[in-house]
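What follows is the residue order along each chain.
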Number of protein chains: 2
Amino acid sequence: MNIYDVSEHAHVSIATVSRVINGNPNVSEKTRQRVLAVMEELGYTPNVFARSLGLNTMKTIGIMCSDSSDPWLAEAIYYLEKELRSNGYDSILCCSGYLPETKKKYLELLCSKRVDAIILTGSHYIEARPKDNAYLLETAKDIPLMLVNGSLEGEQIYSTVCDDHAAVCSAAASLIKSGRKSILYLYSGNSYSNLRKLSGYRKAVRDAGFTVKEELMVLCQKDLDAAMEQLKKLSSSGIHFDAVLAAEDILAVGAVKYADQAGIKIPEDLNIIGYNNSILSRCTTPEITSVDNKVEALCTTTVNTLMKVLNNGNVPAKTTITPELIKRGTTNF
Amino acid sequence: MNIYDVSEHAHVSIATVSRVINGNPNVSEKTRQRVLAVMEELGYTPNVFARSLGLNTMKTIGIMCSDSSDPWLAEAIYYLEKELRSNGYDSILCCSGYLPETKKKYLELLCSKRVDAIILTGSHYIEARPKDNAYLLETAKDIPLMLVNGSLEGEQIYSTVCDDHAAVCSAAASLIKSGRKSILYLYSGNSYSNLRKLSGYRKAVRDAGFTVKEELMVLCQKDLDAAMEQLKKLSSSGIHFDAVLAAEDILAVGAVKYADQAGIKIPEDLNIIGYNNSILSRCTTPEITSVDNKVEALCTTTVNTLMKVLNNGNVPAKTTITPELIKRGTTNF
DNA sequence: TTGTAGGCGTTATCAG
DNA sequence: CTGATAACGCCTACAA
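All figures in this text were calculated on a predicted structure; none of them were measured in a lab.

Details of the packing of aromatic side chains
Scanning the entire structure with this criterion turns up eight aromatic pairs over all chains. Aromatic pair Tyr185(B) and Tyr201(B): ring centres 5.2 Å apart, planes at 25 degrees, arrangement stacked. Here Tyr185(B) is found in strand 6 (residues 183-187), whereas its partner Tyr201(B) is found in helix 9 (residues 192-207), with 16 residues between them in sequence. What makes Tyr185(B) buried here is its relative accessible area of 0%. An aromatic cluster of three or more residues is present, and its members are Tyr185(A), Tyr187(A) and Tyr201(A). A cation sits over an aromatic face here: Lys105(A) above Tyr106(A), 5.1 Å from the ring centre. Between the NZ or CZ atom of Lys197(A) and the centre of the ring of Tyr275(A), over which it lies, the distance is 4.0 Å.

Overview of the sheet that holds strand 9 (residues 271-275) of chain A
Residues and elements named next belong to chain A. Here six strands make up an open sheet; going across it, the order is 7-6-8-9-10-12 and the pairing mixed. Only two strands of the sheet have a single neighbouring strand rather than two, namely strand 7 (217-219) and strand 12 (324-326). This sheet shows a mean twist of 20 degrees between the axes of neighbouring strands, independent of strand direction. Note: strand 6 (residues 183-187) against strand 8 (residues 243-246), four bridges, orientation parallel.

Looking at the side chain of Arg328(B)
All names here are of chain B. Structurally, the position occupied by Arg-328 is in the segment after strand 12 (324-326). Taking the relative accessible area as the measure of exposure, Arg-328 reaches 18% and is therefore buried. Within the local environment of Arg-328, its side chain forms a polar contact with the side chain of Asn-277, the two groups lying 2.7 Å apart. Those residues in contact with Arg-328 that lie beyond four places of it in its chain are Asn-277, Ser-281, Arg-282, Glu-287, Ile-288, Thr-289 and Ser-290.

Considerations on the domain arrangement of chain A
Residue and element names in this part refer to chain A. Each assigned domain of chain A is listed with its residue range as follows: domain 1 (3-55), domain 2 (60-162 + 295-321) and domain 3 (164-292). Here the C-alpha centre of domain 3 lies 29 Å away from the C-alpha centre of domain 2. The interface is formed by nine residues belonging to domain 2 together with seven residues belonging to domain 3. The largest share of the area that domain 2 buries against domain 3 comes from Trp-72, Ser-123 and Cys-162, three residues that together contribute 37% of it. Put simply, domain 2 and domain 3 have one salt bridge between them. Asp-70 serves as the salt-bridge partner of Lys-222, at 2.7 Å between the closest nitrogen and oxygen. In this assembly, domain 2 and domain 3 are joined by three residue pairs in polar contact (both at pLDDT 80 or more).

Some points on the relation of the copies chain A and chain B
Between chain A and chain B, which share one sequence, the superposing operator has a rotation angle of 180 degrees and an axial displacement of 0.1 Å; the RMSD is 0.1 Å. Here the symmetry operator amounts to a two-fold rotation axis. Comparing interface residues between copies, 100% of those in chain A also sit at the interface in chain B, which points to an isologous, same-surface contact.

Quick word on the side chain of Ser193(A)
Residue and element names in this part refer to chain A. Looking at the secondary structure, you find Ser-193 in helix 9 (residues 192-207). For Ser-193, a relative accessible area of 6% gives the class buried. Among all residues touching Ser-193, those that are not within four sequence positions of it are Ser-123 and Asp-164.

Quick look at the pairing of strand 8 (residues 243-246) of chain B
On any regular strand, side chains alternate: one points to one face of the sheet, the next to the other face. Residue and element names in this part refer to chain B. Residues of strand 8 alternate between two faces, with Ala-243 and Leu-245 on one and Val-244 and Ala-246 on the opposite face, all of them buried. Note that strand 8 and strand 9 (residues 271-275) share three bridges and pair parallel. Within strand 9, the residue paired with Ala-243 across the bridge is Asn-271. On the question of chirality, the crossover connecting strand 8 to the parallel strand 9 by way of helix 11 (residues 249-262) is right-handed.

Details of the protein's contact with DNA strand C
Around DNA strand C, the surrounding shell holds 26 residues, and the nearest of these are Ile3(A), Ser18(A), Tyr44(A), Arg19(B) and Thr31(B). In the interface set of DNA strand C, defined as its atoms within 4 Å of the protein, sugar plus phosphate atoms amount to 59%. For DNA strand C, a phosphate oxygen lies 2.6 Å from a polar atom in the backbone of Ile3(A). Within the side chain of Thr31(B), an N or O atom sits 2.4 Å from a phosphate oxygen of DNA strand C. Put simply, the parts of the chain that give the surface near DNA strand C at least two residues each are helix 1 (3-10), helix 2 (14-21) and helix 4 (48-55) of chain A together with helix 2 (14-21) and helix 4 (48-55) of chain B. For the surface near DNA strand C, the element with the most residues is helix 2 of chain B, which contributes four residues. Taken together, the residues that form the surface near DNA strand C break down as 13 nonpolar, 11 polar and two charged.

Quick word on the sheet that holds strand 7 (residues 217-219) of chain B
The pairing of strands in a sheet happens through backbone hydrogen bonds and is either parallel or antiparallel. Residue and element names in this part refer to chain B. Spatial strand order, 7-6-8-9-10-12: six strands in an open sheet with mixed pairing. The strands lining the two open edges of the sheet, one partner per strand, are strand 7 and strand 12. Along the sheet, successive strands turn relative to each other by an average axial angle of 20 degrees, direction set aside. In the sheet, strand 10 (residues 289-292) pairs with strand 12 via three bridges, with the strands oriented antiparallel. Pairing of Val-291 across the sheet is with Leu-325, part of strand 12. Where helix 8 (residues 164-177) meets the sheet, it contacts strand 6, strand 8, strand 9, strand 10 and strand 12, and its direction lies at approximately 170 degrees from that of strand 9.

Rules and cut-offs
- As a convention, each chain's residues are numbered from 1 in the sequence order in which they are written.
- Following the order in which they are written, the chains are lettered starting with A and the ligands numbered starting with 1.
- Thresholds applied to this predicted model are a pLDDT of at least 70 for local features of residues and 80 or more for the giving and counting of side-chain atom pairs; totals over whole chains, interfaces and linings are not thresholded and use all residues.
- Based on all heavy atoms of the structure, the side-chain values leave hydrogens and waters out of the count.
- Here a pair means two rings of Phe, Tyr or Trp (six-membered ring of Trp) with centres within 6.5 Å. Their orientation is stacked below 30 degrees between planes, edge-to-face above 60, and tilted elsewhere.
- Labels follow the DSSP assignment, with helices taken as runs of H or I lasting at least four residues and strands as runs of E lasting at least two, numbered in each case from the N terminus.
- Only protein chains enter the calculation, and the probe is 1.4 Å; a residue is then buried if its accessible area is under 20% of its type maximum, exposed if over 50%, and partly exposed in between.
- Geometrically, a charge over a ring is one whose NZ (Lys) or CZ (Arg) sits within 6 Å of the ring centre while staying within 35 degrees of the ring normal.
- At least two bridges found by DSSP between two strands are what make those strands a pair.
- Only the contacting stretch of a helix is used when fitting its axis, a line to C-alpha atoms as for every element, and angles between N-to-C directions run 0 to 180 degrees.
- Polar contacts, as used here, are pairs of N or O atoms within 3.5 Å; protein pairs need one atom able to donate a hydrogen and one able to accept it. Residues neighboring in sequence count only if both atoms are side-chain atoms.
- Any pair of residues with heavy atoms lying within 4.5 Å of one another is described as a contacting pair.
- Here the bounds of each domain stem from an automatic or database domain assignment.
- Here the quantity called buried area is the accessible surface, traced with a 1.4 Å probe, that two parts lose on coming together, added over both.
- A carboxyl oxygen of Asp or Glu within 4 Å of a side-chain nitrogen of Lys or Arg is what we treat as a salt bridge.
- Only residues with pLDDT of at least 70 in both copies contribute their C-alpha atoms to the least-squares superposition of the copies.
- Viewed with both strands pointing away, a crossover whose connecting path from the first strand over the helix to the second turns clockwise is right-handed.
- Whether a residue is near a molecule or strand is decided by its heavy atoms; if any one of them lies within 4 Å of it, the residue is near.
- Lys, Arg, Asp and Glu make up the charged group, whereas Ala, Val, Leu, Ile, Met, Phe, Trp, Tyr, Cys and Pro make up the nonpolar group; the residues left over, Gly among them, are polar.

Next up, the structure:
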């Protein structure tokens, strides 16, 4: 079942059938109707492979992320796919994990599939050392690269980010203003975004005239139990804190459970702020104050930008979105 | 940059280059090395579009789900993509929403993309009335359809399901055995899976010699606040219950929060069981006893079956996986 | 072991 | 407005 069959049944050439398929106006209404009728009758569908070969595009975007089961990334993927599809694009999903080698390998794999562009979702793709990002610049010579919540400068690289630095800085400032003296900063990695958040924390502490204490900035696995254990250990080793500012909601949940077990009152004796405003922040009692970093806005902006790029439009290399602090029961300001 | 360029530079025919690309043994080692060197030097990558056209396959599977940001579906997608990729297949993601028309529309869309098979993820694709599933049978005439946690009989349709009926039945039985008299069953839809769960609940109640009360089987939006409000309303309207068996973890979280607010003690005065054993079940205090319906096993089994199908192997039309009750703090058995 | 030639199903360019 | 024909890049008999 191909274009020849249709052309035969409709008594026209394949060129005319092709014109009908592609909405070319240079076809008489009568012919168009006849061709459409035959296509319907034969149940004909154009072969996308042949079309791709000719046009050298499949109208498909690669969506890369480290782990699509992560709630934040899952939500991002949802919005990206939806937005891309409404623009007529398919999405090939590719979970790369967190290792540099596999990230590179999968990026190349996706490229070899000749996708029209690749969206790198989440902050895990940008490393602190420029040389670790070199492969991205290399890939971007071939196809556009879109970063969601990551930032990198380069030809054909477009970033849409949430201002994590400002968000953490302002959250920490709020805690300090409400009387908190020792804010524990809990984070789970050294990605660019994590470092930006950390620097936001440092700034807020300095701005308030306090000294930044190394022992109050704690690296911890991105895991509920790990966070609880970490806090328990810190506390019993004599480190005092009256607030926990977490770089991930799941760590904040760990903080709530730690307080529960230790008999510490929230928010009276301990304030807690999470990050991402995910459903996790609403499962605990009290519910967790959390930074909403606007997944949906990040994703729709990314896709809009991409569409302009693919249409050779002029677009900014970087768009910044402003996060918002959602106040709930774990803080008292 | 195509196979002709490579053949020229390597002083061989395109057939030989093609053989090297495809690992055909009928090439002298010397020639192979020369060709490989040229490919490397030119940075040649085979054009997948041309290849797809000839072979009539892109080695791509369509993954359909209603909403990829749902935690359970997100996890399923993660495992599916990973497993497919390790078998050399790409995944095109397609979120269809919950409406019958859009589900049908997107299924056809995916088909027109000539994917090798479609995986329907989650129980939302099977409706109670056979006529509502007719379009699936129709599609399966063209390509294999794999159901993850849904079951339908038909040519080229393969189902991998978790025994939801048994799981709910046994969970309810455990509650009854531990002395609970009035178990409220909270669910959020009328999909095939939901109806199976409900019937498991009914069975357990009947088996225990109790009468099944309609007012104890409550339909509720799949939402935290909706669940809380629903329970509050039921309670104040005089309906008594000493256990909540929820068809979704998020509903169980709602139950915990309801008890918190109403000053009801868990598990002494109220038992709660959730479903899916998602991270949500670990965020509350106490943590929620939940049915683990084995997402990973469901997904790897599905992909394994699919691979056999695509290799014309003989495979069962239906595989059932046994769920497991994970006991935590919201029950006392 | 290697090369030649035909086919996969479109789209696009011309010529009419 | 319509038709013939040449790409698009690869795979694979078949021939040598």
